[in-house]
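Given next are the chains, with one letter for each unit.
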2 protein chains.
Amino acid sequence: MRDFLPREVRQRQHLITNFRQVYERYGFEPIDTPALERLEVLLGKGGDENEKLIFKVMKRGASLERSLQAQDELADAGLRFDLTVPLARYYVEYQSKLPRVFRRYHIGPVWRADRPARGRFREFYQCDVDIVGAASSAAEVEVILATADALEVVGFSGFSVKLNDRRLLGALLEAVGIPSSLEGSAVIALDKMDKMGMDGVAKELAERGITADVIERLRGFVAAGIAELAVQDGLASFEKELQKLGVEKPPLDDLRQISADIAVARGDKLRLTVDPLLARGMGYYTGPIFEIASREVPFSLGGGGRYDELLARFGKQSIPAVGFSIGFERILSIMTEREMFPVELGGIDVYVTVFSAEHRAAALQIAEQLRSAGFDVLTSVLLGSLKPQLREADERGARFAIIEGPSEREQGVLQVKDMKSAQAQLVAKELIVDWLFERRVSA
Amino acid sequence: MRDFLPREVRQRQHLITNFRQVYERYGFEPIDTPALERLEVLLGKGGDENEKLIFKVMKRGASLERSLQAQDELADAGLRFDLTVPLARYYVEYQSKLPRVFRRYHIGPVWRADRPARGRFREFYQCDVDIVGAASSAAEVEVILATADALEVVGFSGFSVKLNDRRLLGALLEAVGIPSSLEGSAVIALDKMDKMGMDGVAKELAERGITADVIERLRGFVAAGIAELAVQDGLASFEKELQKLGVEKPPLDDLRQISADIAVARGDKLRLTVDPLLARGMGYYTGPIFEIASREVPFSLGGGGRYDELLARFGKQSIPAVGFSIGFERILSIMTEREMFPVELGGIDVYVTVFSAEHRAAALQIAEQLRSAGFDVLTSVLLGSLKPQLREADERGARFAIIEGPSEREQGVLQVKDMKSAQAQLVAKELIVDWLFERRVSA
């Protein structure tokens, strides 16, 4: 787990503020849920897969004693490992207080007891938008547009979105001859296409018990080059190829509607393609799935899809839902590497030195006056000579340092030192605010 | 632990944004640390007191197996219970990358395995400013001014700050005859003065083994009315009373300097008093301690003090430090009760209805155009009639709803419905952005 230096916190904050603003612009609302959830919420039915990921929190006091003696489960809660499971629990719990169509965003930490690796952390942020309660593919369009805008606002461009649909993938896998008992396993293998390419995936599919002829038929879908086509042609090819395999009416309406809507809203700014083998790892997807990339980076910046059955785990009925998650930590590290953050993030405007103990009152008054005018001002708490104070001003990225010694005081002026040029000039004390405003010191 | 509805998240966010801005205005920098810390960091030496508070996270895999067999400690990490202990660990660890005088703020969740009660939660936010590395009482002045400003900016006023000094309190307790072995225990009892008054405190002191005559001498300090006096008179009385008890030179210089500085910087806007029995519960304070209240509320809104020895726990040497913590959850609940939040928090500007499937493209284009102009816009994903769409517009607090049906389309206009007055009017499609700007729709 990581500590963050001030510069890093500001960069993270810069992302969060920008993402939040875009999501609000689309009418998404923020929620928050506790870090700890009951284990039964986190584990669901098929708990085994996730159990390994969860940091478990021990029972306490008498309840712990009892469990120790009975050799029972020692933990009853765990740290959340994503933001989607808490959303599902939350929506079902507060449904009566929420709009029927609930658009929410959630940017916050999650915890996974993975082995840490480059770019993988045990505590990391997720950044999700979801729409719960809308069955129409108009909801997919909203989360896709909002996500592209969020990425654009922090400096990415040239977006492309890969589309697929779990129902089409399911039909494809069935048609090439994968038994339904192996479908989940095949999806997990296919999800590694980005990392391993078709050869790696083929090897893993074989390991998972899928026969060579089936794998060759899947290869056919890569070879057909559907993923290279513009979306409308891609959809037509996909349909044709599926029909060749005997799928008479592939459910392509949703992808057609989504791509038509996005073309209208965004035109060429958002390139769409169909990727018949796009899988998305999570087991809960039920309809359209998608990933977004940008011209600048060769890999996915986020992904999502429709999961119409997940909420039924917490309530009595199925409730349609669709979400799009931005890879927060990945984007942060790309932006850091490529210096995509604004340079001025977090510098202070003015450093007020304290010439000696008896000048302290005046320094405090100057600082008060400048803060009231909206400047970020640091008043020295270093006593003694000016040199370490000016060093601190420099260290903290101050644009100007203000010095009022005995001679300045006598003349009613302040010495203002430009920390970049090291030039100093005298400014009448009563004009200091105007003088700074004229120099466009950020305020 | 609590879930938060969108309105509540926005209120919390409103506080955080405002506090952050004030702290930045004083040159404080943000840091972040993980939710989980190693248990040895959290427990320190005298671990017993805090151990009860800590949510412990279980070891995993083989390491858990070994500990179970050896009947060893089953946890090696825990959720942080405050932000001060992590700061101390952090500062010592990153000292070489931080300014010598490190001003930091940290607003974030902490976890305590307390029994939940009204206004007490197992997950709650703390909001701290601290200055590490400055021995001068100028640092106390900075954290006090910043805290008062932070509270002012969210709507509080008429601040008063109670001052005391752990060294004075120590001298007082010694002088009235409390043995040094009972000093810590007496401090814990005195810290409950706000809740229980002097009679309650006297009872608890007696239970803790302090004799009746000693307690009576302490009562003398309440009866002397020092806490009622303006700060300079209060300090003089405090000195006189301590001298009466045989304390020859009470260390009052820091409080004198702090109160002189604050009088210069803030004048009458910040009332100061001395409270000789102000204790602040935490054991780590070593110098000036303080609490802030406002005219509007009868109890403390935050507290802090100097803790020059805490950092030595993590490094080799003592490093001076001082901090001020705002009672985030308490302030939030006061502001909610008294409706101190801005009314417009989080409403959307425009709701774009979709008249029918074939009008969807046009609706998306209108929404895009309005978002580009800076408006918060929700596009309906409800298909079918307008009625549920307008209901949603109302539910979500939209200021205007836009309708483009066949007749509007034919005329090149939009029907714009004011959701408050329910008045509708027709606006030429190409003028819609200007029309909204003229009505000062927030953007």
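Described below are features of the structure shown in this document. The structure presented is a predicted model; accordingly, all values stated were derived computationally and were not measured.

## With respect to the overall build of chain A
Part 1: Along its length, chain A carries 17 helices and 16 strands.
Part 2: Against the globule reference of 22 Å for 443 residues, chain A gives a C-alpha radius of gyration of 28 Å, more extended than a compact globule.
Part 3: Buried residues in chain A amount to 56% of all 443 residues.
Part 4: Contacts in chain A between residues at least 24 apart in sequence constitute 66% of all its contacts with a sequence separation of at least 6.
Part 5: Of the side chains in chain A, 59 bear a positive and 66 a negative charge, and the two mean positions are spaced by 2 Å.

## Some points on the interface of chain B and chain A
Part 1: On the chain A side, the residues contacting the 82 residues of chain B number 82 residues.
Part 2: Both sides of the chain B and chain A interface together cover about 7,200 Å² of buried area, and 55% of this is carbon and sulfur.
Part 3: Looking only at chain B, the three residues that lose the most surface to chain A are D3, R25 and V381 of chain B, adding up to 10% of its buried area.
Part 4: A salt bridge links R360 of chain B to D261 of chain A, with the nearest nitrogen and oxygen atoms 2.8 Å apart.
Part 5: Sort the elements by how many residues they give to the side of chain B that touches chain A and helix 1 (residues 6–25) of chain B lands first, with seven residues.

## Here we look at helix 9 (residues 193–207) of chain B
Residue and element names in this part refer to chain B.
Part 1: The terminal C-alpha atoms of helix 9, which comprises 15 residues, lie only 15 Å apart, well short of the 21 Å expected from a rise of 1.5 Å per residue.
Part 2: The sharpest bend along helix 9 measures roughly 75° and falls at D199.
Part 3: Looking at helix 9, one finds that the buried residues are M198, V201, A202, E204 and L205.
Part 4: Phi for G209, located one or two positions after helix 9, is positive at around 95°.

## Some details on unusual backbone geometry
Part 1: The residue Q71 of chain A is not glycine, and still its phi comes out positive at about 50°.
Part 2: Its identity as a non-glycine residue notwithstanding, E339 of chain B has a phi of 50°, on the positive side.
Part 3: With respect to the element layout, E339 of chain B can be found in the loop between helix 13 (328–337) and strand 12 (350–352).
Part 4: The exposure class assigned to E339 of chain B is exposed, which follows from its relative accessible area of 70%.

## Some details on the sheet that holds strand 6 (residues 123–132) of chain B
Residues and elements named next belong to chain B.
Part 1: Strand order in the open sheet formed by eight strands is 1-5-6-11-10-9-7-8, and the pairing between neighbours is mixed. Each edge of the sheet is formed by a strand with only one pairing partner; in this case those strands are strand 1 (29–30) and strand 8 (270–274).
Part 2: In the sheet, strand 7 (residues 159–165) pairs with strand 8 via five bridges, with the strands oriented parallel. Within the sheet, the bridge partner assigned to L163 lies in strand 8 and is V274.

## Concerning the environment of S180 of chain A
Part 1: Along the chain, S180 of chain A falls in the loop between helix 7 (166–176) and helix 8 (183–190).
Part 2: For the pair S180 of chain A and G170 of chain A, spaced ten residues apart in sequence, the C-alpha to C-alpha distance is 8.6 Å.

## Comments concerning the packing of helix 6 (residues 138–153) of chain A against helix 14 (residues 360–372) of chain B
Two quantities define a packed helix pair, namely the angle between the helix axes and the distance between the axes.
Part 1: Across the interface, helix 6 of chain A lies against helix 14 of chain B with an axial gap of 13 Å and an inter-helix angle of 25°. With respect to each other, helix 6 of chain A and helix 14 of chain B are oriented roughly parallel. Along this stretch, helix 6 of chain A crosses helix 14 of chain B, giving a crossing that reads as right-handed. In contact with A138, V141, E142 and L145 of chain A of helix 6 of chain A, helix 14 of chain B contributes R360, L364, E368 and R371 of chain B.
Part 2: In the contact of helix 6 of chain A with helix 14 of chain B, the residues fall into four nonpolar, no polar and four charged.

## Some remarks on the sheet that holds strand 12 (residues 350–352) of chain A
Residues and elements named next belong to chain A.
Part 1: Taken in spatial order, the five strands of this open sheet run 13-12-14-15-16, and their pairing is mixed. The two strands at the open ends of the sheet, each matched to only one other strand, are strand 13 (377–379) and strand 16 (424–428). Ignoring strand direction, the axes of neighbouring strands in this sheet form an average angle of 25°.
Part 2: With three bridges connecting them, strand 12 and strand 13 associate as parallel partners.

## Observations concerning the pattern of salt bridges
Part 1: The final tally for this structure, using the stated rule, is 72 salt bridges over all chains.
Part 2: As a salt-bridge pair, R371 of chain B and E142 of chain A come within 3.7 Å of each other at their nearest N and O atoms. On the criterion of chain membership, the pair formed by R371 of chain B in helix 14 and E142 of chain A in helix 6 is interchain, its members lying in two chains. Like E142 of chain A, R371 of chain B is buried.
Part 3: Sharing partners across several salt bridges, the network here consists of D3 of chain A together with E37, R89 and E93 of chain B.

## Some remarks on the pairing of strand 11 (residues 321–326) of chain A
Residue and element names in this part refer to chain A.
Part 1: Extensive coverage of strand 11 is indicated by the burial of five of its six residues.
Part 2: Both strand 6 (residues 123–132) and strand 11 contribute to a ladder of six bridges, which runs antiparallel. Residue pairing across strands places I131 opposite V322, the latter belonging to strand 11.
Part 3: As judged from the five bridges shared by strand 10 (residues 297–306) and strand 11, these two strands associate in the antiparallel manner. When the bridges of strand 11 are listed, G302 appears paired with I326.

## Concerning the packing of helix 7 (residues 166–176) of chain B against helix 10 (residues 212–223) of chain B
Residue and element names in this part refer to chain B.
Part 1: Viewed as axis vectors pointing N to C, helix 7 and helix 10 meet at an angle of 135°, and their least axial separation amounts to 9 Å. Overall, the two elements helix 7 and helix 10 adopt an arrangement that is oblique. Crossing of helix 7 over helix 10 shows right-handed handedness. Residues L172, L173 and V176 of helix 7 form the contact with helix 10, whose participating residues are V214, R217, L218 and F221.
Part 2: Tallied by class, the residues present in the contact of helix 7 with helix 10 amount to six nonpolar, no polar and one charged.

## Quick look at the environment of K429 of chain A
Residue and element names in this part refer to chain A.
Part 1: Secondary-structure assignment places K429 in the loop between strand 16 and helix 17 (432–438).
Part 2: By relative accessible area, K429 is classed as partly exposed at 28%.
Part 3: Distance from K429 to E404, taken between C-alpha atoms, is 9.5 Å for residues 25 residues apart in sequence.
Part 4: Residues contacting K429, with those up to four places away along its chain left out, are A362, I366, E404, G412, V413 and L414.
Part 5: At 2.8 Å, the side chain of K429 forms a polar contact with the side chain of E404.

Here is what the cut-offs are and how they apply
- Each chain carries its own residue numbering, running from 1 in the direction its sequence is written.
- Chains and ligands are labelled by the order in which they are written, letters from A for the one and numbers from 1 for the other.
- Local features in this predicted model are restricted to residues of pLDDT 70 or higher, and side-chain atom pairs are both shown and tallied only at a pLDDT of 80 or more, whereas totals for entire chains, interfaces and linings draw on every residue.
- Side-chain descriptors were evaluated using all non-hydrogen atoms of the structure, hydrogens and water having been removed beforehand.
- The way it works is that DSSP assigns letters per residue, a run of H or I at least four long becomes a helix, a run of E at least two long becomes a strand, and they are numbered from the N terminus.
- We compute the radius of gyration over the C-alpha atoms and compare it with the globule rule, which gives 2.2 Å times the number of residues raised to the power 0.38.
- Note on exposure labels: buried denotes an accessible area under 20% of the residue type's maximum, exposed denotes more than 50%, and partly exposed covers the range between, all computed with a 1.4 Å probe on protein chains only.
- Residues are treated as being in contact if the distance between any of their heavy atoms lies within 4.5 Å.
- Two residue types count as positive, namely Lys and Arg, and two as negative, namely Asp and Glu; His and chain ends fall outside the count.
- One atom stands in for each charge, and that atom is NZ of Lys, CZ of Arg, CG of Asp or CD of Glu.
- The quantity reported as buried area is the accessible area (1.4 Å probe) lost by two parts once they are put together, taken as the sum for both.
- A pair is scored as a salt bridge if a Lys or Arg side-chain nitrogen falls within 4 Å of a carboxyl oxygen belonging to Asp or Glu.
- An expected span of 1.5 Å times one less than the residue number is assigned to each helix.
- Working definition for bend: take the seven residues up to and ending at a residue and the seven starting at it, fit an axis to each, and measure the angle between the axes.
- We treat two strands as partners when DSSP finds at least two bridges between them.
- Axis definition: a line fitted to C-alpha atoms, limited for helices to the stretch in contact. Angles are taken between N-to-C directions and run from 0 to 180 degrees.
- In these notes the angle categories are as follows: under 35 degrees is roughly parallel, over 145 is roughly antiparallel, 65 to 115 is roughly perpendicular, and the rest is oblique.
- Left-handed describes a crossing in which the near helix is turned anticlockwise from the far one by less than a right angle; the clockwise case is right-handed.
- The residue classification treats Ala, Val, Leu, Ile, Met, Phe, Trp, Tyr, Cys and Pro as nonpolar and Asp, Glu, Lys and Arg as charged. All others, Gly included, are polar.
- As used in this structure description, the phrase polar contact means that two N or O atoms lie within 3.5 Å; if the pair is within protein, one of them must be able to donate a hydrogen and the other to accept it, and residues adjacent in sequence are counted only when both atoms belong to side chains.

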